[in-house]
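Letter by letter, the chains look like this.
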Amino acid sequence: SNLWYLFSRSVDKAWKELSNILSGIFCASLNFIDSTNTVTPTASFKPLGLANGTDHHLLRYAVLPREVVCTENLTPWKKLLPCGSKAGLAVLLKAERLFHSSYHSQAVHIRPVCRDASCLAVSWELRQTLTVVFDTFASGQGKKDWSLFKMFSRTLTDACPLASQSKVYVDISPKNKEKELLEVTPPPTSVHEAIVQGDKRTYAVYDLLSPLLFNTSRSLNVQLKWQRPQESSELPTPVLHAQRYVSGYGLQTGEISTLIYNTHPYRAFPVLLLETVPWYLRLYVHTLTIITKGKENKPSYIHYQPAQDRRRPHLLEMLIQLPANSITKITIQFERALLKWTEYTPDPNHGFYVGSSVLSALVPSIIAMKDVDVEQSPLFTSLFPSSDGSSYFVRLYTEPLLVNLPTPDFSMPYNVICLTCTVVAVCYGSFYNLLTRTFHVEEPSRGGLAKRL
Amino acid sequence: VVEGLALLDLGVSPYSGAVFHETPLIIYLFHFLIEYAELVFMITDVLTAVALYLAIQDFNKVVFKKQKLLIELDKYAPDVAELIRTPMEMHYIPLKVALFYLLNPYTVMSCVAKSTCAINNTVVAFFILATIKGSAFLSAIFLALATYQTLYPLTLFAPALLYLLQRQFIPIKLKSKSFWLYTMQYAALYLCSLVVIICLSFFLLNSWDFIPSVYGFILSVPDLTPNIGLFWYFFAEMFEHFSLFFVCVFQINVFFYTIPLAIKLKEHPMFFMFVQIAIISIFKSYPTVGDIALYMAFLPVWSHLYRFLRNIFILSCVLIVCSFLFPVLWHLWIYAGSANSNFYYAITLTFNIGQILLISDYFYAFLRREYYLTHGLHLTRQDGTEAMLVLK
């Protein structure tokens with residue numbers, strides 16, 4: 001889980017309070033956020049709403065890679081919705097089906113927005129997103145057909161009465177200009193075309209507030225069927241994607257490698273990479289290398305804040321230019337520290353997590369967006385923001401890493417103290433003897449054994 | 001050091017992280033010399049050897065003079081002729097010292113690893129040379145440099161002071177005015193040079209950051225990377241509650257032997273220096289094999305004590321075997337994963353016990369020889385039978 005916030009004053013105390021309050025609201029262990037996993041990025045994470053000045057010292061970003069999302073986080077998230085999970089789209093969100101998926105992510109975004117066009121008053125916009133990836137191919141007996149009932153084991157019955165808009169969008173974009181490859185039932189209320197992430201896409205829209213939808217049946221079960229059996233066609237690769245992994249052997253050193261792919265055929269663009277590495281992996285910034293197409297690539301902006309033991313993590317921010325159609329490899333070597341025995345997690349051989357790195361970029365679109373599109377599809381512009389039509393903003397998170405640290409023997413504290421103190425006592429004893437005693441000739445013992453005793 | 005230079009290039013203070021703990025003067029030095037690093041370390045080792053050679057040469061002359069004086073004053077017992085040292089046997093000692101240092105596998109290892117310990121050794125060697133030559137000013141400067149880099153050579157102030165007092169023929173009596181005058185002079189020289197060097201470092205990097213990073217680091221032992229010393233595992237397994245207490249105890253342990261040794265060995269300041277250097281290299285918070293190489297270089301100076309050493313065979317075997325086992329068990333723990341940290345820790349313990357017993361053995365032999373010199377070699381009891389010597 002990660003948390004970031006731009007404050008207006010007195011940051012550190014407010015950060016602690018914020019993380020504790022959010023931890024209580026969402027039943028997430030955000031209260032473990034402290035100075036050892038919080039950083040102050042200088043360039044990433046520019047706020048998206050109205051903001052008076054962006055002093056980066058007031059921004060805090062923390063990541064807790066060990067925390068996973070589960071039912072206890074979903075329930076308070078659903079409670080924030082106006083109708084909860086009783087009406088509207090949220091009735092589909094039942095925990096046992098949602099967590100039976102390949103990927104699950106939920107987010108809450110808050111930003112100040114203008115209340116109206118004249119921007120005299122500012123309100124707070126709360127945006128909640130839930131991203132779930134269902135693999136129907138694997139669970140649907142080899143067919144790529146899906147339906148709401150198959151995925152969520154429920155259907156939609158009505159819209160939330162408090163909602164001003166309640167829509168379901170189904171992406172029916174034809175690939176390779178072939179039409180009629182798939183069929184959506186029931187027929188959608190409208191079909192909408194939009195340019196999303198530089199691509200022209202067609203959406204079938206189901207407006208739950210429109211009275212036509214529930215005319216024929218009380219429940220809405222959107223189904224999608226493929227007309228022809230699908231040849232294995234690959235999904236289009238996104239223009240910007242990244243991978244991260246740890247290499248090396250043994251428990252002393254290692255290397256973190258990040259691979260960034262730019263699959264745009266002819267446009268180069270810069271990407272801002274933010275890496276937060278915990279203090280117990282000691283990064284050596286003189287081993288940082290960035291290689292693109294076999295040649296060294298120097299970043300145009302680099303900000304590095306080394307870690308302090310037990311106080312703050314490493315922060316590395318770089319602005320790297322990615323040439324068109326290339327793979328960029330960024331490597332940095334680190335040394336693993338030995339921690340005190342109380343600082344290990346209860347299962348120390350599981351390893352320690354390193355949080356994802358964040359890539360922020362303005363990716364150039366293959367198809368430019370026109371201003372008129374921006375007004376017509378407010379949903380898409382808030383999900384995929386772009387300041388002008390020619391590029392769109394993307395924030396990517398790489399995989400978290402798991403590294404092993406050398407462990408001391410946890411059963412040994414008393415023994416170690418005794419043995420080390422014995423060695424010191426041996427030194428002290430021999431020196432004491434030699435310093436305080438002098439040589440004497442041995443006196444012969446008089447009398448027999450009995451007298452000696 | 002390379003990391004510190006890279007951080008400087010990026011515009012970040014090298015001390016803002018936890019990786020760099022060397023002094024600003026080292027950064028400054030290596031800023032120019034980083035290209036020739038191997039050559040630099042070879043030259044420092046050669047310089048150390050040369051300094052030790054010249055120092056021991058002078059020291060031998062002093063020893064011989066003192067011996068002659070004591071014989072003339074009839075301080076020695078009549079039958080100790082075989083214990084008296086002759087110039088013939090002392091002729092090759094300086095060469096042996098230099099060779100002991102240069103050919104010691106520990107020195108070679110620390111040169112290959114390009115450890116800054118070699119620079120510290122050079123400064124200490126020059127300090128010893130300056131002390132033996134009798135120049136209080138140079139000796140104070142080199143001692144200040146050595147203390148500035150690693151804190152522990154502070155304890156070498158006492159043997160140097162004793163040596164210089166002996167050289168000036170000032171008797172060591174607490175009531176003597178000239179004693180206190182000379183002590184104050186030397187202490188003032190030392191402290192002033194230390195202050196000058198620290199201020200110079202401040203102006204190099206324009207911050208006082210280096211003080212907690214260098215000295216705070218040495219004193220509080222936050223980094224528990226395994227080394228050949230005793231501290232790392234101790235503090236890795238320490239109960240949190242007692243951590244501060246034991247840090248203080250261990251630091252006091254290094255400085256603690258100075259005063260008693262000074263009282264006992266005030267007539268023999270060079271042996272005091274040797275024992276003190278050995279104690280520093282065993283009990284310092286981050287020892288390296290380079291420190292061991294330095295005090296082992298002095299062993300040929302005391303080769304005449306060989307007949308009084310009690311356990312030299314066992315101890316040398318212990319040290320050699322442990323030196324071979326160190327990398328083996330390290331590899332097994334960190335890379336092969338088939339041993340755990342206890343194996344490496346055990347070798348640390350044995351190695352340090354070996355070193356401690358070596359030093360106390362030499363100390364015992366030294367004191368015993370002194371006793372024989374003044375009381376005669378063949379001791380007889382009151383009834384004429386051969387006697388045994390015990391420590392009581």
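Residues numbered from 1 in each chain as written. Chains lettered and ligands numbered in written order. Predicted model: local features only at pLDDT ≥ 70, side-chain atom pairs only at ≥ 80, totals over all residues. Heavy atoms only, no water.

Under the annotation held in an unreviewed UniProt entry, chain B carries the name Phosphatidylinositol glycan anchor biosynthesis class U protein and is attributed to Pterocles gutturalis. Per UniProt, the comment on chain B under Pathway (unreviewed entry) is "Glycolipid biosynthesis; glycosylphosphatidylinositol-anchor biosynthesis." (UniProt positions renumbered as here; feature names shortened; annotations may be inferred.)

For chain A, the name recorded in an unreviewed UniProt entry is GPI transamidase component PIG-T, with Pterocles gutturalis as its organism.

Details of the overall build of chain A
Broken down by element type, chain A carries nine helices and 24 strands. Sorting the 453 residues of chain A into buried and exposed places 41% on the buried side. Considering only intrachain contacts with a sequence separation of at least 6, the fraction spanning at least 24 residues in chain A is 74%. For chain A, the accessible area works out to roughly 24,700 Å², and carbon and sulfur atoms hold 55% of it. (Helix = DSSP H or I, 4+ residues; strand = E, 2+ residues; numbered from the N terminus. Buried < 20%, exposed > 50% of the residue type's maximum accessible area, 1.4 Å probe, protein only. Contact = heavy atoms within 4.5 Å. Areas by Shrake-Rupley, 256 points an atom, 1.4 Å probe, with all protein chains shown as cover.)

So, the UniProt feature "transmembrane region" (unreviewed entry) in chain B
Mapped onto the present numbering, the UniProt feature "transmembrane region" (unreviewed entry) falls on residues 25–56, 123–144, 150–166, 187–208, 214–235, 242–263, 308–330 and 342–364 of chain B. In this annotation, residues 187–208 of chain B is assigned 86% helix and 0% strand; the end-to-end C-alpha distance for the span is 24 Å.

Quick word on a nonpolar patch on the surface
Residue and element names in this part refer to chain B. There is a patch of nonpolar side chains on the surface, built from Val-46, Val-50, Leu-54, Tyr-92, Leu-95, Leu-99, Leu-102 and Leu-103 and spanning about 710 Å² of accessible area. Elements that contribute at least two residues to the nonpolar patch include exactly helix H3 (37–72) and helix H5 (93–103). Take the nonpolar patch: its biggest share by element is four residues, from H5. Tracing the chain through its elements places Leu-95 in helix H5. (Patch = residues over 30% accessible without salt bridge, like charges linked within 9 Å, V, L, I, M, F, W, Y side chains within 5 Å. Salt bridge = Lys/Arg side-chain N within 4 Å of Asp/Glu carboxyl O.)

Thoughts on the sheet that holds strand E15 (residues 281–292) of chain A
All names here are of chain A. Ordered by their spatial adjacency, five strands build an open sheet running E12-E13-E19-E15-E16, and the pairing between neighbours is antiparallel. The open sheet is flanked by strand E12 (240–247) and strand E16 (295–296), the only strands paired with a single partner. Bridge analysis of strand E13 (residues 253–262) against strand E19 (residues 326–336) gives 10 bridges, and the strand direction is antiparallel. By the bridge assignment for E19, Glu-255 is matched with Gln-333. (Pairing = 2+ DSSP bridges.)

Side note on the state of the cysteines
Residues and elements named next belong to chain A. For the coordinates displayed, the defined rule picks out one disulfide over all chains. Disulfide pairing places Cys-83 opposite Cys-160 at an S-S distance of 1.6 Å. Looking along the S-S bond of the Cys-83-Cys-160 disulfide, the torsion reads about 70°, which is the right-handed sense. With Cys-83 in the loop between helix H2 (71–79) and helix H3 (95–98) and Cys-160 in the loop between helix H5 (148–152) and strand E7 (167–171), the pair connects residues that are 77 residues apart, well separated along the chain. Judged by its relative accessible area of 16%, Cys-83 is buried. (Disulfide = S-S within 2.5 Å.)

So, the interface of chain A and chain B
Across the boundary between the two partners, chain A contributes 52 residues, which contact 65 residues of chain B. Carbon and sulfur atoms supply 70% of the area buried between chain A and chain B, which totals about 5,600 Å² over both sides. Broken down residue by residue, the surface that chain A buries against chain B is led by Phe431(A), Leu434(A) and Phe439(A), which jointly contribute 15%. The tally of links from chain A across to chain B stands at one salt bridge. In this structure, the connection of chain A to chain B is made through 13 residue pairs in polar contact (both at pLDDT 80 or more). Elements supplying a minimum of two residues to the side of chain A that touches chain B: E15, strand E17 (301–305), helix H8 (413–436) and strand E24 (439–441) of chain A. Here the residues of the side of chain A that touches chain B are counted per class, giving 32 nonpolar, 11 polar and nine charged. (Buried area = accessible area lost by both parts, 1.4 Å probe. Polar contact = N/O pair within 3.5 Å; in protein donor to acceptor, adjacent residues only side chain to side chain. Nonpolar A, V, L, I, M, F, W, Y, C, P; charged D, E, K, R; others polar.)

Some points on the packing of aromatic side chains
Pairs of aromatic rings are described using the distance from one ring centre to the other and the angle between the two planes. Residues and elements named next belong to chain B. In this structure the tally under the stated criterion is 52 aromatic pairs over all chains. Residues Phe-271 and Phe-366 carry aromatic rings whose centres are separated by 4.1 Å and whose planes lie at 5° to one another, so their mutual orientation is stacked. Taken as a pair, Phe-271 in helix H15 (residues 269–283) and Phe-366 in helix H18 (residues 341–375) lie far apart in primary sequence, 95 residues in all. For Phe-271, a relative accessible area of 1% gives the class buried. In this structure, Arg-310 packs its charged tip against the face of Tyr-364, placed 3.7 Å from the ring centre. (Phe/Tyr/Trp six-rings, centres within 6.5 Å; stacked < 30°, edge-to-face > 60°. Lys NZ or Arg CZ within 6 Å of the ring centre and 35° of its normal.)

Considering helix H1 (residues 2–9) of chain B
All buried positions along H1(B) are accounted for by Glu3(B), Gly4(B), Leu5(B), Ala6(B) and Leu7(B). Buried positions along H1(B) lie against E15 and E17 of chain A together with helix H2 (24–33) of chain B. Trailing H1(B) by a residue or two, Gly11(B) shows a phi angle of about 90°, which is positive.

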